[in-house]
Number of protein chains: 2
Amino acid sequence: MITSTDIAILDRDDPLAALRDRFVLPEGVIYLDGNSLGPAPRATREEITAVVEEEWAQDLIASWNKAGWFALPQSLGDRLAPLVGALPGELLVCDGVSANLFKCLHAALALRPDRHVLVAEEAGFPTDLYIASGVGQSHGDLTTRLEGRGGADLESLIDGDVAVVLVNHVDYKTGALRDMHALTRLAHGKGALVIWDLCHSAGVMPIDLAGCGADFAVGCTYKYLNGGPGAPGFLYVASSHHEGLTQPLTGWWSHADPFAFSPDYQAAPGIKAMLTGTQPILSMRALSAALDVYEDVELDVVRAKSTALTDLFVSLIRERCDGHGLTLVGPADARDRGSHVSLSHPDGFPIMQALIAHGAVGDFRAPDILRFGFAPLYIRFCDVEAAVEKLKEIMDQGTWRDPAFTRRSVVT
Amino acid sequence: MITSTDIAILDRDDPLAALRDRFVLPEGVIYLDGNSLGPAPRATREEITAVVEEEWAQDLIASWNKAGWFALPQSLGDRLAPLVGALPGELLVCDGVSANLFKCLHAALALRPDRHVLVAEEAGFPTDLYIASGVGQSHGDLTTRLEGRGGADLESLIDGDVAVVLVNHVDYKTGALRDMHALTRLAHGKGALVIWDLCHSAGVMPIDLAGCGADFAVGCTYKYLNGGPGAPGFLYVASSHHEGLTQPLTGWWSHADPFAFSPDYQAAPGIKAMLTGTQPILSMRALSAALDVYEDVELDVVRAKSTALTDLFVSLIRERCDGHGLTLVGPADARDRGSHVSLSHPDGFPIMQALIAHGAVGDFRAPDILRFGFAPLYIRFCDVEAAVEKLKEIMDQGTWRDPAFTRRSVVT
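Novice: I'm lost on the sheet that holds strand β12 (residues 340–344) of chain B in this one. Help?
Specialist: The strands making up a sheet associate through hydrogen bonds between their backbones, and the pairing can be parallel or antiparallel. Residue and element names in this part refer to chain B. A sheet is described by the order of its strands in space; here 4 strands give the open sequence β11-β12-β15-β14, paired in antiparallel fashion. Each end of this open sheet is capped by a strand with a single partner; those strands are β11 (327–329) and β14 (363–365). Taking each pair of neighbouring strands and ignoring which way they run, the sheet shows an average axis angle of 35°. Pairing between β14 and strand β15 (residues 369–373): 3 bridges, direction antiparallel. By the bridge assignment for β15, Phe364 is matched with Leu370. Taken strand by strand, helix α11 (residues 299–320) contacts β11, β12 and β15, and its axis lies near 25° from that of β12.

Pasting the structure below:
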């Protein structure tokens, strides 16, 4: 049995404990949804005020150069690169995940012109499959093989016909973590390229894109990276694929000489060929403030706390919420898990609504998943216990049966 | 001869004079580059602070619904719609101009499957042509006819083979204004669709998309609309084209039921089929504050002041800068002009650098164009005179020959 004293010791010895103060966290709320929208870093307000009041209001267009606005996709990309094991010049912060995936899929397919099969996951984040269908509009001969459809596992679907494997590093529903090294090696052995979706892993564990020989990756910055609502996405292209890199969203920021205003398109060399148009500077700079927090952080320490947090949650649910029909979804071993844990329950929706009303915020994913994200930069071990205690009370007392909690609304 | 007294009367009688105070304008600067980046509305800071400190920091993911974040593309679209003559539900604020044009071009070509010719302008904003080339990657049989190549005018290029005409409402270099009614009618007479690029006209004159029967339009919000650096773009699709609307950037925000998380894509009905993914909320909300300024404004009054401003500038240049080799580029008649005026001069680059150093900010466009934007919401008639006086002094004294002004740097 885990006691509150055991948990207090975990917090006392937490090397990341001081980072919690870098974030604004609302009073009386245990926020376990940083895997959907990270909280506001304290520094964000000052950063954005400086952009609005000084750079924009006072320096106006001069700020495109003077304040580095024009170079933000690359400069933020170079700051984010070490968090995912990319080299300088291999990563851009720009656009959104969907647009970036669209570009990477086109670029990857162009590198395998004689192959016409895409492998993906039926249970992957849906926008990945939706974008794949959009790419299919202009690749009439593209066939998609889905893991999970007919029971096939991903590895068995990869053969010599496969151009691209599109795969989530951490599954948004179950939290299951893929072995990036092994899968990339397997795909390369068959001559296929891999695009990694890092939305649910970036910022919460060491990632070694270059070391794995990964080809492409996309990810978002508003979850564990705390860039703010709708913060720009990122994309990675291994430098080995930079020569002749081609994608169809050929806006002026991807031009070799955008200020020549030539009517003819010529792609910029390197990763800049993956840019499209003008970027939303306020949202870009909110991310800049969020990345400052990572300056002082070792990702293996983050990962160690992450697994300790999710393990504690799983143990406490087992010890304190037994008999309430809450079932662990996804890996039992923390080494195979991202930084969120999912439980299933037929009444998952009203249970989560009741829990939120009682001050512990997770989220619900249809049809029956309760998701709990444990972001190591600001979640304490005592928060895990407090959330489990709230859940236990709701289950013990049947609070969630109140009609106030059964009404559906849009959640993200 | 126009006197300073004449000009003082114009300012005294300006019905828009009070609006100037709604913007932050730096001391000692005459800002004639609002056609590139509009200045910061005073209300922006408070709006963004509320988003960061209250909606994000305190309410976290609940704000996707509670604060209307999720619906911003449509709600901002409906607020922008009357400024361009669109009906509610015909306009979205999302992504950037380049991505929006990519989507509109694909959607338009899908409506004319038996035609394979695109007509555009060689002198149009280059990103339009770059995106057209990107769309061409997946439309191998698409031929582009360019106005200006071989001397042809746009109208003569439109025949029964043309699927889409892509045209700038106001030319970014010359300021020339197209007749939207006439060109749309001509194109429709040949069975072609028209996509209007409104980047240099939105917010500065009445536009009547629906009244013209326009098919598609795109535009940006960081120029005359003052949405901030890299503020999101907009796109318009006439409701007559909504049924079966299709585009390839099929991210989850364009799905008929995005929170069902179904692996199969099904486009949302209506304009929402043109969405892609999660939007940058901070930048979206800066635009919201900027649109507040337009609540009190009649666009025909804005247009009247705009033509008076550009006419005054043209007259003063003629009267006071004669003999310096500054040549008016673009229409002599204000009715054929947008809200900026361009002058050519072989030494345009150093002249503009000198002018900026002397406190009047316009911009330079290669090879020899000096651009001056006159945004009627905050530019006074006395500003026009002061800018001309500064230009006259620089030309009279040859200040621009100083080596400090000949060094090139990136400008937008």
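Next comes the rest of the write-up.
Novice: What is the right way to look at the interface of chain B and chain A in this model?
Specialist: Quite often, the size of an interface is put as the accessible area lost when its parts meet. Facing the 73 residues of chain B at the interface are 74 residues of chain A. Of all the secondary-structure elements, those providing two or more residues to the side of chain B that touches chain A are α2 (43–56), α3 (63–66), α5 (97–111), α6 (126–136), α10 (281–293) and β14 of chain B. The dominant element in the side of chain B that touches chain A, judged by the number of residues it contributes, is α6 of chain B, at 8 residues. Split by residue class, the side of chain B that touches chain A holds 41 nonpolar, 26 polar and 6 charged.

Novice: Mind showing me how you'd approach the pairing of strand β10 (residues 233–237) of chain B here?
Specialist: Residues and elements named next belong to chain B. Of all 5 residues making up β10, 5 are buried, and the element is well covered by its neighbours. Neither face of β10 is open: one carries Gly233, Leu235 and Val237, the other Phe234 and Tyr236, and all of them are buried. Relative to β10, strand β4 (residues 91–93) runs antiparallel, the two being bridged by 3 bridges. Its bridge partner being in β10, Val93 is matched across the sheet by Phe234.

Novice: What am I meant to see in the relation of the copies chain B and chain A here?
Specialist: One chain copy maps onto the other through a rotation about an axis and a shift parallel to that axis. Mapping chain B onto chain A leaves a residual RMSD of 0.0 Å; the transformation is a rotation of 180° accompanied by 0.0 Å of translation along its axis. Such a turn and shift between the copies fits a two-fold axis. Closest to the rotation axis within chain B is the C-alpha of Ser138 of chain B, separated from it by 2.6 Å. Both copies contact each other with a shared surface, as 100% of the interface residues of chain B are interface residues in chain A too.

Novice: Help me out: how do you make sense of unusual backbone geometry in this one?
Specialist: Among all residues except glycine, the phi angle is most often negative; among peptide bonds, the trans geometry is most common. Residues and elements named next belong to chain A. Of note, the bond from Ala366 into Pro367 is cis; its omega dihedral lies within 30 degrees of zero at 0°. Position of Pro367 among the secondary structure elements: in the loop between β12 (363–365) and β13 (369–373). Backbone geometry at Asp95 places phi at a positive 50°, although glycine is not the residue there. Its place among the elements puts Asp95 in the loop between β2 (91–93) and α5 (97–111).

Novice: How do you make sense of the domain arrangement of chain A when you look at a structure like this?
Specialist: All names here are of chain A. Domain parsing of chain A yields domain 1 (4–31 + 298–405) and domain 2 (46–296). Contact with domain 1, which involves 22 residues of that partner, is made by 14 residues of domain 2. Going through the elements one at a time, α11 (299–320) and β10 (340–344) are the ones with two or more residues in the side of domain 1 that touches domain 2. With 5 residues, α11 is the single largest residue contributor to the side of domain 1 that touches domain 2. Residue composition of the side of domain 1 that touches domain 2, by class: 10 nonpolar, 6 polar and 6 charged.

Novice: In this structure, what is going on with the pairing of β12 of chain B? I would like to understand it.
Specialist: Where a strand is regular, its side chains alternate between the two sheet faces. All names here are of chain B. Buried residues dominate β12, accounting for 4 of its 5 residues. The sheet contact formed by β12 and β15 spans 5 bridges and is antiparallel. Note that in β15 the partner of Val341 across the bridge is Phe372.

Novice: What am I meant to see in the confidence of the model for chain A here?
Specialist: Close inspection of predicted coordinates is inappropriate in any region flagged by low pLDDT. With 99% of its residues at a pLDDT of at least 70, chain A reaches an overall mean of 96. ipTM for the predicted complex: 0.96, alongside a pTM of 0.97.

Novice: Where do I start with the nonpolar core in this structure?
Specialist: What tends to happen in soluble globular proteins is that the nonpolar side chains get buried as a cluster. Within the largest apolar cluster, 274 residues are counted, with the highest numbers of intra-cluster contacts made by Leu105 of chain A together with Leu105 of chain B. When neighbours within four sequence positions are excluded, Leu105 of chain B is seen to be in contact with Ile131, Ala132, Val135, Val164, Leu166 and Ile195 of chain B.

Novice: Is there a simple way to think about the sheet that holds β2 of chain A in this case?
Specialist: Residue and element names in this part refer to chain A. Strand order in the open sheet formed by 7 strands is β2-β8-β7-β6-β5-β3-β4, and the pairing between neighbours is mixed. Strands at the two margins of the open sheet, each flanked by one partner only, are β2 and β4 (143–147). Sheet twist, expressed as the mean angle between neighbouring strand axes with direction ignored, is 15°. In the packing of helix α6 (residues 126–136) onto the sheet, the strands contacted are β3 (117–121), β4, β5 (162–168) and β6 (193–197), and the crossing angle to β3 comes to about 160°. Contacts from helix α8 (residues 180–189) reach β5 and β6 within the one sheet, and its direction differs from that of β6 by about 150°.

Novice: Please clarify how the packing of helix α12 (residues 348–357) of chain B against helix α13 (residues 381–397) of chain B should be interpreted in this entry.
Specialist: Angle between the axes and distance between the axes are the two parameters that describe a pair of packed helices. All names here are of chain B. Closest axis-to-axis distance for the α12/α13 pair is 10 Å, and the angle between their directions is 125°. One element, α12, and the other, α13, form an angle in the oblique class. The crossing of α12 and α13 is right-handed. Residues Ile351, Ala354 and Leu355 of α12 touch α13, and the partners they reach there are Lys390, Leu391 and Ile394. Residues belonging to the contact of α12 with α13 are distributed by class as follows: 5 nonpolar, no polar and 1 charged.

The rules we used
Residues numbered from 1 in each chain as written. Chains lettered and ligands numbered in written order. Predicted model: local features only at pLDDT ≥ 70, side-chain atom pairs only at ≥ 80, totals over all residues. Pairing = 2+ DSSP bridges. Helix = DSSP H or I, 4+ residues; strand = E, 2+ residues; numbered from the N terminus. Axes fitted to C-alpha atoms, helices over the stretch in contact; angles between N-to-C directions. Contact = placed C-beta atoms within 7 Å. Nonpolar A, V, L, I, M, F, W, Y, C, P; charged D, E, K, R; others polar. Buried ≥ 20, exposed ≤ 12 C-beta atoms within 10 Å, placed from the backbone. Least-squares fit on C-alpha atoms with pLDDT ≥ 70 in both. Domains from an automatic or database assignment. pLDDT = per-residue confidence, 0-100. Core = buried A, V, L, I, M, F, W, Y, C linked by C-beta atoms within 7 Å. Parallel < 35°, antiparallel > 145°, perpendicular 65-115°, else oblique. Left-handed = near helix turned anticlockwise from the far one by under 90°.

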